[in-house]
Amino acid sequence: MKKTTTRLADGRELIYYDLRDDVVRDERDPRPLAPVATTSEIRHDRLLGDSVAIASHRQARTYHPPADECPLCPSRHGRRSEIPAPDYDVAVFENRFPSLAGDHGRCEVVCFTPDHDASFADLTEEQAGLVLDAWTDRTAELSQLPGVEQVFCFENRGEEIGVTLGHPHGQIYAYPFVTPRTERMLGSLATHREATGRNLFDDTVADELADGRRIVLAGEHWVAFVPYAAHWPYEVHLYPRRRVPDLLALDDAARTEFPQIYLEVLRRFDRIFDEGDGQGERTPRTPYIAAWHQAPLRAGRREDFALHLELFTIRRTSGKLKFLAGSESGMNVFINDVPPEAAAERLREVASE
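Let us look at the structure shown here. (Residues numbered from 1 in each chain as written. Predicted model: local features only at pLDDT ≥ 70, side-chain atom pairs only at ≥ 80, totals over all residues. Heavy atoms only, no water.)

Another aspect to go through is the packing of aromatic side chains. The full count for this structure, using the stated rule, is 20 aromatic pairs. For the ring pair F112 and F120, a centre distance of 4.9 Å and an interplane angle of 75 degrees mean the geometry is edge-to-face. For the pair formed by F112 and F120, the shared burial category is buried. Both rings, one in F258 and one in W292, keep their centres 5.4 Å apart while their planes meet at 40 degrees; by these two values the pair is tilted. (Phe/Tyr/Trp six-rings, centres within 6.5 Å; stacked < 30°, edge-to-face > 60°. Buried < 20%, exposed > 50% of the residue type's maximum accessible area, 1.4 Å probe, protein only.)

Below is the structure:
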């Protein structure tokens, strides 16, 4: 992997990650951009004990542009985008409309491929491995920023999820606090250790392997399963078999196998509802959120935390979405219409031949 760091016209950082070492990235951004102005602030909710980012400047962000005006495509034929080069492998840049900025963290955009019409599932294993390298490198860099407490790499896919740019991309948030979901995991982890003397993550993976009904895919170094108490209709958790706190701690064997396992899981997600209509029309690609959970930088015992990826879709059946209504949104009590065992069976049925 070759890494090249440069700056956009308004001073934001842009990083290219290339598979070839002989690639030269010397293009300049000629756009007349004014410096980025943000209004990001963090407010603490005294009743719930969590934090809320207030970012009113995001109201002006790009919203469903036509494909020929996509800001994440390479700059070609006189059309200038966020990426000055006419082509790239993986590109990462500071978000022009960040939810977190300055003393309140940082937000980055990760472009997985220059192909506007592709998806992560369309990548080759080599390309997916490069994205993993980029996630790892950004985690290392962002972890060094003053005030950052947790680094979160994720992908939103599909308009149903709320995606406003159709180009295949993800994001990275460097939070100035430990997120509420991670805080809850840390609390459960500590309680389990006090009660049993064992690691909760290890026991969870071991229990799923022993049960077997919810296993979706198992490799030598990774295991993917639908959790026993899945919140979402189709939800898969992907764990390395050797517990590590973050992406930086993955060994070479796990890094090599990850693209094989993850790409297969993503392709199965796209086939869950792919039944067609008898007239050649296929079901649209499955909308999903893919979220890496890494140990916070200073909270809890980092060595006890288990890096894992959680992948889920809000689609519960063909043409129908799972909406977060009163119980979920009002009281954070999820009601799942699809038994986890049935979801796992379906994901096994649609395995690649």
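Further remarks concern helix α2 (residues 180-196). With 17 residues, α2 should reach 24 Å at 1.5 Å per residue; the first-to-last C-alpha distance of 24 Å fits that figure. Along α2, the positions that sit buried rather than exposed are T182, M185, L186, L189 and H192. Looking straight down α2, one finds its buried side chains confined to an arc of 130 degrees; they lie on one side. With respect to the buried face of α2, the exposed residues turned more than 90 degrees away are R184, E194 and A195. The elements touched by buried residues of α2 are β7 (150-157), α3 (200-211), β12 (288-293) and β13 (308-313). One or two residues past the end of α2 sits G197, with phi positive at roughly 80 degrees. (Helix = DSSP H or I, 4+ residues; strand = E, 2+ residues; numbered from the N terminus. Expected span 1.5 Å × (residues − 1). Arc of directions from axis to C-beta. Contact = heavy atoms within 4.5 Å.)

Turning our attention to the packing of α2 against α3. Direction vectors running N to C along α2 and α3 enclose 85 degrees, while the axes themselves pass 9 Å from each other. As the angle between them shows, α2 and α3 are arranged roughly perpendicular. Contact residues: α2 offers M185, S188, L189 and H192, while α3 offers L200, F201 and D203. (Axes fitted to C-alpha atoms, helices over the stretch in contact; angles between N-to-C directions. Parallel < 35°, antiparallel > 145°, perpendicular 65-115°, else oblique.)

To continue, consider the nonpolar core. If you look at the biggest cluster of nonpolar residues, it comprises 53 residues, and the most contacted ones within it are F120, W135, F269 and W292. The greatest single-element share of this core, amounting to eight residues, is contributed by helix α4 (residues 252-271). Not counting residues within four places of it along the chain, the set of residues in contact with W135 comprises F112, F120, C153, I172, L247, F258 and W292. Ranked by size, the runner-up nonpolar core spans 14 residues in total, among them L14, C70, L72 and V109. (Core = buried A, V, L, I, M, F, W, Y, C linked by side-chain atoms within 4.5 Å.)

Among the secondary structure elements, P227 is positioned in the loop between β10 (222-225) and β11 (234-240). Linking P227 and E341, residues 114 residues apart in sequence, is a C-alpha distance of 9.0 Å. Not counting residues within four places of it along the chain, the set of residues in contact with P227 comprises E208, R214, E235, H237 and P340.

A word on the environment of S188. On the secondary structure map, S188 appears in helix α2. For the pair formed by S188 and F201, sequence separation is 13 residues and the distance between their alpha carbons is 9.9 Å.

This part takes up the packing of helix α1 (residues 125-142) against α4. Between α1 and α4, the least distance of the axes is 9 Å, while the angle of their chain directions is 115 degrees. Viewed along their axes, α1 and α4 form a crossing whose handedness is right-handed. When α1 is examined against α4, the residues E125, A128, G129, L132, D133, W135 and T136 are found in contact with a partner set consisting of R255, F258, P259, Q260 and L263. A class-by-class count of the residues in the contact of α1 with α4 yields six nonpolar, three polar and three charged. (Left-handed = near helix turned anticlockwise from the far one by under 90°. Nonpolar A, V, L, I, M, F, W, Y, C, P; charged D, E, K, R; others polar.)

Next up on the list: the sheet that holds β12. Strands sit in the order β1-β2-β5-β6-β8-β7-β12-β13-β11-β10-β9 across an open sheet of 11 strands; the sheet is antiparallel. Each edge of the open sheet carries a strand with a single partner, namely β1 (2-7) and β9 (215-218). Across the sheet, the mean angle from the axis of one strand to that of its neighbour is 20 degrees, orientation sign disregarded. Across the sheet, α2 touches β7, β12 and β13, and the angle it forms with β13 is around 125 degrees. (Pairing = 2+ DSSP bridges.)

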